[in-house]
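Descriptive structure summary
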Amino acid sequence: MAIALIVNTILVAAEGSPLLKRPRIYQEEQILLRSLCLIQVLVCAAILYMEIVVALPIQLYILYKKKQRYSGTARIGISMKEVYEGLTARECFDCIRNWFTIQFRVCLLIFAILSVVVSPLFAAFNLMLFIYKISTLRTFITAITMNGKQLMLTFLLGLIMVYLFSIVGFLLFPGSFDATVDESENPDLNHCATLLQCFTYIMSQGLRAGGGVGDVMQPWDFQDSNLLSRVTYEMTFYALVTVVFLNIMFGIIIDTFGQMRDEKREKEIDMHTVCFICGLDADVLEKVSSNGLCRMSVRNTICGCICFYAPPPPQGSQRVHRSGKLRAGSDSEK
């Protein structure tokens, strides 16, 4: 991240500067940028390698445990060899494909290589590490990608609506889609000569106009025979596309922020008010226990929790008694 910041700082400060017109300074600047970009490639490759070697087995282990839990054969003491043998190649590929961290690291490596091979300007993508590292900024990206399917479907609905309005405009008002140029001055200028041009113009200009498509059309005249249809067309576009469609898009993103905030609050409440061993609430524990601790955990210590989760020793094994002597374990001892 620091290397990407240095590279982009040099680009902003030096790119296009009159000092670079000198061949020597320009050559030194290019050597420095290429060297920093090469270091960036090595760093990205090393981090990606560590993610694959260290974090990927953990993800596969979690996936295998979920698979066992769903099949009803969950148990402890699973080796990584058993994990690799129990997962199919398709399951491993899906795990990597749905793992955002590995995808992000691969993209960083690709753009770092492009910054060396093509141009140092590709190093600007590595500034996305700021968003990935800072949790507050990462929340903004999550709010957009969390409901990505809904946003894509809503955007598809908007495209269909704009296309329908393009057909109506192409049939009824093909020569009115220009609010800045008079047809008498430039009669050859027509942004709605074809249906594709009309759709592109409305998609580009109509959505960005504050008042809808009427802001990018020529002013209408009271003597115009299509006055009623023109006003209806503009008001319908403004109501359905500018107001309803865009607010639906913004509403989905804003509701996602609220959903993430509620989930975070529920997790914090669960961590502070619910026993993670027995699942009882804090007020219940206060009523049934004299010291407010869960009796199932024996003691409010890590050792007590481990003893609660640890399975009984197999028959014939030995363990240390409280007195310090070894004794054989049996099925009745727990």
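Reading the values: rules and limits
- Residues numbered from 1 in each chain as written.
- Predicted model: local features only at pLDDT ≥ 70, side-chain atom pairs only at ≥ 80, totals over all residues.
- Heavy atoms only, no water.
- Disulfide = S-S within 2.5 Å.
- Buried < 20%, exposed > 50% of the residue type's maximum accessible area, 1.4 Å probe, protein only.
- Axes fitted to C-alpha atoms, helices over the stretch in contact; angles between N-to-C directions.
- Helix = DSSP H or I, 4+ residues; strand = E, 2+ residues; numbered from the N terminus.
- Parallel < 35°, antiparallel > 145°, perpendicular 65-115°, else oblique.
- Left-handed = near helix turned anticlockwise from the far one by under 90°.
- Contact = heavy atoms within 4.5 Å.
- Nonpolar A, V, L, I, M, F, W, Y, C, P; charged D, E, K, R; others polar.
- Salt bridge = Lys/Arg side-chain N within 4 Å of Asp/Glu carboxyl O.
- Arc of directions from axis to C-beta.
- Phe/Tyr/Trp six-rings, centres within 6.5 Å; stacked < 30°, edge-to-face > 60°.

Right, let's get into the state of the cysteines. Here the structure, examined in full by the defined rule, presents one disulfide. Between the sulfur atoms of Cys 192 and its disulfide mate Cys 198 the distance is 2.3 Å. In this structure the cystine formed by Cys 192 and Cys 198 twists about its S-S bond by roughly -85 degrees; its chirality is therefore left-handed. You'll find Cys 192 and Cys 198 in the same group, each marked buried.

Close contact between helix α8 (residues 148–172) and helix α9 (residues 195–206) brings their axes to 9 Å; oriented N to C, the two are set at 125 degrees. In terms of orientation, α8 lies oblique with respect to α9. As α8 runs across α9, the sense of the crossing is right-handed. Between α8 and α9, the residues in contact are Phe 155, Leu 159, Val 162, Tyr 163, Phe 165, Ser 166, Ile 167, Gly 169 and Phe 170 and Leu 195, Cys 198, Phe 199, Ile 202 and Met 203, respectively. Among the residues making up the contact of α8 with α9, the classes are represented as twelve nonpolar, two polar and no charged.

Moving on: the side chain of Thr 256. Looking at the element boundaries, Thr 256 is found in helix α10 (residues 227–273). On the basis of relative accessibility, which here comes to 0%, the residue Thr 256 falls in the buried class. Leave out the neighbours within four places in its chain, and Thr 256 touches Thr 142, Ala 143, Met 146 and Asn 147.

Okay, the side chain of Thr 101 next. Tracing the chain through its elements places Thr 101 in helix α5 (residues 100–117). Given the relative accessible area of 15%, Thr 101 is considered buried. Look past the residues within four positions of Thr 101 in its chain and what remains in contact with it is Glu 51 and Tyr 132.

One pass over the full model with this rule turns up four salt bridges. For Glu 234, the salt bridge identified is with Arg 230, shortest N-O distance 2.5 Å. Within this pair, Glu 234 and its partner Arg 230 are both found in helix α10, separated by four residues, close to a single helical turn. Owing to a relative accessible area of 14%, Glu 234 belongs among the buried residues under this scheme. Assessed through its relative accessible area of 4%, Arg 230 is described here as buried. Between Asp 262 and Arg 265 there is a salt bridge, with its nearest N and O atoms 3.0 Å apart. Linking Asp 262 with Arg 265, this pair stays in helix α10, spanning three residues, or about one helical turn. With a relative accessible area of 34%, Asp 262 lands in the partly exposed category.

A word on α9. Of all the positions in α9, only Cys 198, Tyr 201, Ile 202 and Gly 206 are classed as buried. In an axial view of α9, the angular spread of the buried residues amounts to 95 degrees, which keeps them on one side of the axis. Where α9 is buried, its residues meet α8 and α10.

So, on to the packing of aromatic side chains. What characterises a pair of aromatic rings is the spacing of the ring centres plus the angle enclosed by the ring planes. The full count for this structure, using the stated rule, is six aromatic pairs. Look at Phe 111 and Phe 125: their rings are 4.1 Å apart centre to centre, the planes differ by 20 degrees, and that puts the pair in the stacked class. Of this pair, Phe 111 sits in helix α5 while Phe 125 sits in the loop between α5 and α6 (129–133), and the two are 14 residues apart along the sequence. With centroids separated by 6.2 Å and ring planes inclined at 70 degrees, the aromatic side chains of Tyr 163 and Phe 199 adopt a geometry described as edge-to-face. Remark: Phe 199 occurs in helix α9 and Tyr 163 occurs in helix α8; sequence separation between them is 36 residues. You can call Phe 199 partly exposed: its relative accessible area is 22%. Members of the aromatic cluster, joined through ring pairs, are Phe 165, Phe 173, Tyr 233 and Phe 237.

Purely geometric stuff here, so don't read any function into it on its own.
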